[in-house]
Amino acid sequence: QVQLVESGGGLVQAGDSLRLSCAASGVTTVSSYFMGWFRQAPGKVREYVAVIMLNGVSTDYANSVKGRFTISRDNVKNTVYLQMNSLKPEDTAIYYCAAGTGWARLKAQLAEYWGQGTQVTVSS
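Not measured: the values here are computed from a predicted model.

*Asks:* Would you mind going over the sheet that holds strand E1 (residues 2–7) with me for this structure?
*Replies:* Backbone-to-backbone hydrogen bonds pair the strands of a sheet. The strands run either parallel or antiparallel. The strand order across the open sheet built from four strands is E1-E3-E8-E7, with neighbouring strands paired in antiparallel fashion. Across the chains shown, the open sheet's two edge strands, defined by having one partner strand only, are E1 and strand E7 (69–74). When strand polarity is set aside, the average angle formed by the axes of neighbouring strands in this sheet is 15°. In the sheet, E7 pairs with strand E8 (residues 79–84) via six bridges, with the strands oriented antiparallel. Looking across to E8, one finds that Arg73 is bridged to Val80.

Listed below in structure tokens is the structure:
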């Protein structure tokens, strides 16, 4: 069983940066899972943002955030991060962390575990 807790959200202005954290705890460490970030804007379905592989080197991003967001992981600290730069109002959403056993499944939101989410609001 894995528990995921997101933090770092807040209210910022367009062009600002934020770093989200996802702390994992439980019997199994985060190093055994592919980790991803997803978001859900008001009135919209939840969408994929980024995934990082077990090795912490290979990553994948949604086109909407490519070049602005960076996902990383620290398997010693059992934490995954999402560095968000050049934020835009359309990035406003609840951001969720998830853990999965396969990167394609995780990207398709077929995750084994989900966090509760953290709110990010970007004003224009």
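*Asks:* Which parts of the structure should I look at to understand the state of the cysteines?
*Replies:* Linking two cysteines covalently through their sulfur atoms gives a disulfide. Applying the stated criterion to the full structure yields one disulfide. Each disulfide pairs two cysteine sulfurs, and for Cys22 the partner residue is Cys97, the sulfurs being separated by 2.1 Å. Judged by the sign of its S-S torsion, about -75°, the cystine formed by Cys22 and Cys97 is left-handed. One end of the pair, Cys22, is in strand E3 (residues 18–26); the other, Cys97, is in strand E9 (residues 93–100), and 75 residues separate them in sequence. With respect to burial, Cys22 and Cys97 carry one shared label: buried.

*Asks:* Help me understand the packing of aromatic side chains in this model?
*Replies:* The relative placement of two aromatic rings is captured by the distance of their centres and the angle of their planes. Inspection of every chain in the model, using the stated rule, returns three aromatic pairs. With a centroid separation of 5.8 Å and an interplanar angle of 80°, the aromatic rings of Tyr33 and Tyr113 are classed as edge-to-face. Of the two residues, Tyr33 sits in the loop between E3 and strand E4 (34–40) while Tyr113 sits in strand E10 (residues 113–114), which places them 80 residues apart along the sequence. In this structure Tyr113 comes out as buried when scored by relative accessible area, which is 17%. Each residue in the set Phe38, Tyr48 and Trp114 is aromatic and connected to the rest through ring pairs, giving one cluster. Stacked on the ring of Tyr96, the Lys or Arg Arg46 has its end atom at 5.9 Å from the ring centre. Taking the ring centre of Trp114 as reference, the NZ or CZ of Arg46 above it sits at 3.7 Å.

*Asks:* I'm lost on the pairing of strand E11 (residues 118–123) in this one. Help?
*Replies:* Across a regular strand the side chains alternate sides, sitting on one face of the sheet and then on the other. Burial along E11 is one-sided: Thr118, Val120 and Val122 are buried, while Gln119, Thr121 and Ser123, pointing the other way, are not. Two strands pair when backbone bridges link them, and strand E2 (residues 10–13) and E11 are joined in this way by four bridges, in the parallel orientation. Bridging from a neighbouring strand, Val12 pairs with Val122 of E11. Of the pairings in the sheet, the one linking E9 to E11 comprises three bridges and is antiparallel in character. Bridge pairing links Ile94 to Gln119 in E11.

Calculation notes
- Residues numbered from 1 in each chain as written.
- Predicted model: local features only at pLDDT ≥ 70, side-chain atom pairs only at ≥ 80, totals over all residues.
- Heavy atoms only, no water.
- Pairing = 2+ DSSP bridges.
- Helix = DSSP H or I, 4+ residues; strand = E, 2+ residues; numbered from the N terminus.
- Axes fitted to C-alpha atoms, helices over the stretch in contact; angles between N-to-C directions.
- Disulfide = S-S within 2.5 Å.
- Buried < 20%, exposed > 50% of the residue type's maximum accessible area, 1.4 Å probe, protein only.
- Phe/Tyr/Trp six-rings, centres within 6.5 Å; stacked < 30°, edge-to-face > 60°.
- Lys NZ or Arg CZ within 6 Å of the ring centre and 35° of its normal.

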